[in-house]
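# Structural characterization, general
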Amino acid sequence: MIATRWLMLLVAALLVLAASGVALGGMQPAALRVGVTAVVGVLAPLFWPGLASTSGRTALRVLAWSFAAAAAAAVLLVALGQRTQTWTEIAASCAMLALILVVAHGAAAALEALWRAGAQDAQDAHTAREGAGRSVTAALLLLGALPLWLGPLADALSRRHAWLVDAVVSLSPLSHLAVASGNDLLRNDWFYQHSSLAGLQFAYPGPGELAGFYATAGALLALTSLAIRRAGLPTSTEKTR
């Protein structure tokens, strides 16, 4: 099942990259890494395979699917621009993608478990899984676009609260992918035209800050999953039959 979903993810990502022009060439290597990992990251939760039979197996599935999606991004990067990139650069970008997706798929698993509490049959369980994946994808899109839709407010308040600009940049997963890819994303031409933050002084999060952020997010998700299990909510298809 996971292998089939992985192939579907690979094809879907390639189609999106082709439609957006990313797969047609001409992009700088760092920008290509951001584009490919961002597309795969947004699509991966839509193909989330769902909860396993136990909490432990679900945790392993979260890890397996996250790293499988990161591997799909690596395959695309090799296919689209390996000659202009080093293996180390590709690995760094995909490793950051894997971290983001571990948190994202952990959230999808928690949402699915909550929504399956009232499931009456397999169709309800399927709906919960699909809804969880779509919700996480929507959240990734909103968080990734923080510098665009929250940028004007941060700009307006930056004179009194200068930290807001850095906070908006640091909370965006797209910024994290840019840092790992070595791309000054917000100072690219497109962001200069569409984001009010591009002309301000700000700092991208450093490796230590990113490590702390994802460690904290992972711990919170683990505690949430533990709370769900102790509450007796269903975590597998067997409990919804």
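Right, let's walk through the structure included here. (Residues numbered from 1 in each chain as written. Predicted model: local features only at pLDDT ≥ 70, side-chain atom pairs only at ≥ 80, totals over all residues. Heavy atoms only, no water.)

Here we come to helix H2 (residues 29-43). One full turn of an α-helix is made of 3.6 residues, so residues set three or four places apart face in the same direction. With 15 residues, H2 ought to run about 21 Å at 1.5 Å a step, and its terminal C-alpha atoms sit 21 Å apart, in line with that. Counting buried residues along H2, 13 of its 15 residues qualify, which places the element largely inside the surrounding structure. (Helix = DSSP H or I, 4+ residues; strand = E, 2+ residues; numbered from the N terminus. Expected span 1.5 Å × (residues − 1). Buried < 20%, exposed > 50% of the residue type's maximum accessible area, 1.4 Å probe, protein only.)

Let us now look at a nonpolar patch on the surface. Residues Leu60, Leu63 and Phe67 make up a contiguous nonpolar surface patch of about 310 Å² in total accessible area. Looking at the secondary structure, you find Phe67 in helix H3 (residues 55-81). (Patch = residues over 30% accessible without salt bridge, like charges linked within 9 Å, V, L, I, M, F, W, Y side chains within 5 Å. Areas by Shrake-Rupley, 256 points an atom, 1.4 Å probe, with all protein chains shown as cover. Salt bridge = Lys/Arg side-chain N within 4 Å of Asp/Glu carboxyl O.)

Counted by the stated rule, this structure contains 1 aromatic pair. With 4.9 Å between their ring centres and 90° between their planes, Phe213 and Tyr214 make a pair best called edge-to-face. (Phe/Tyr/Trp six-rings, centres within 6.5 Å; stacked < 30°, edge-to-face > 60°.)

Next up on the list: the packing of helix H4 (residues 87-115) against helix H9 (residues 173-181). Running from N to C, H4 and H9 cross one another at 155°; their axes reach a closest spacing of 8 Å. Taken together, the axes of H4 and H9 lie roughly antiparallel to each other. Once H4 is placed against H9, the crossing between them reads as right-handed. Contact with H4, carried on its side by Ala92, Ser93, Met96, Leu97 and Ile100, involves Pro173, His176, Leu177, Ala180 and Ser181 of H9 and no other residues of that element. Per-class residue counts for the contact of H4 with H9 are 7 nonpolar, 3 polar and no charged. (Axes fitted to C-alpha atoms, helices over the stretch in contact; angles between N-to-C directions. Parallel < 35°, antiparallel > 145°, perpendicular 65-115°, else oblique. Left-handed = near helix turned anticlockwise from the far one by under 90°. Contact = heavy atoms within 4.5 Å. Nonpolar A, V, L, I, M, F, W, Y, C, P; charged D, E, K, R; others polar.)

Moving on, we come to the nonpolar core. Within the largest apolar cluster, 47 residues are counted, with the highest numbers of intra-cluster contacts made by Leu9, Val36, Val40, Trp65, Leu76 and Leu97. Of all the secondary-structure elements, those providing two or more residues to this core are helix H1 (2-20), H2, H3, H4, helix H5 (122-144) and helix H11 (207-230). Ranked by residues supplied to this core, first place goes to H4 with 13 residues. Sequence-distant contacts of Val40, that is, excluding residues within four places in its chain, are made with Leu9, Ala13, Ala69, Ala73, Leu76 and Leu97. By size, the runner-up hydrophobic cluster in this structure holds 13 residues, among which are Leu146, Ala154, Ala178 and Phe191. (Core = buried A, V, L, I, M, F, W, Y, C linked by side-chain atoms within 4.5 Å.)

Remember that the coordinates give geometry; whether it matters functionally is a separate question.
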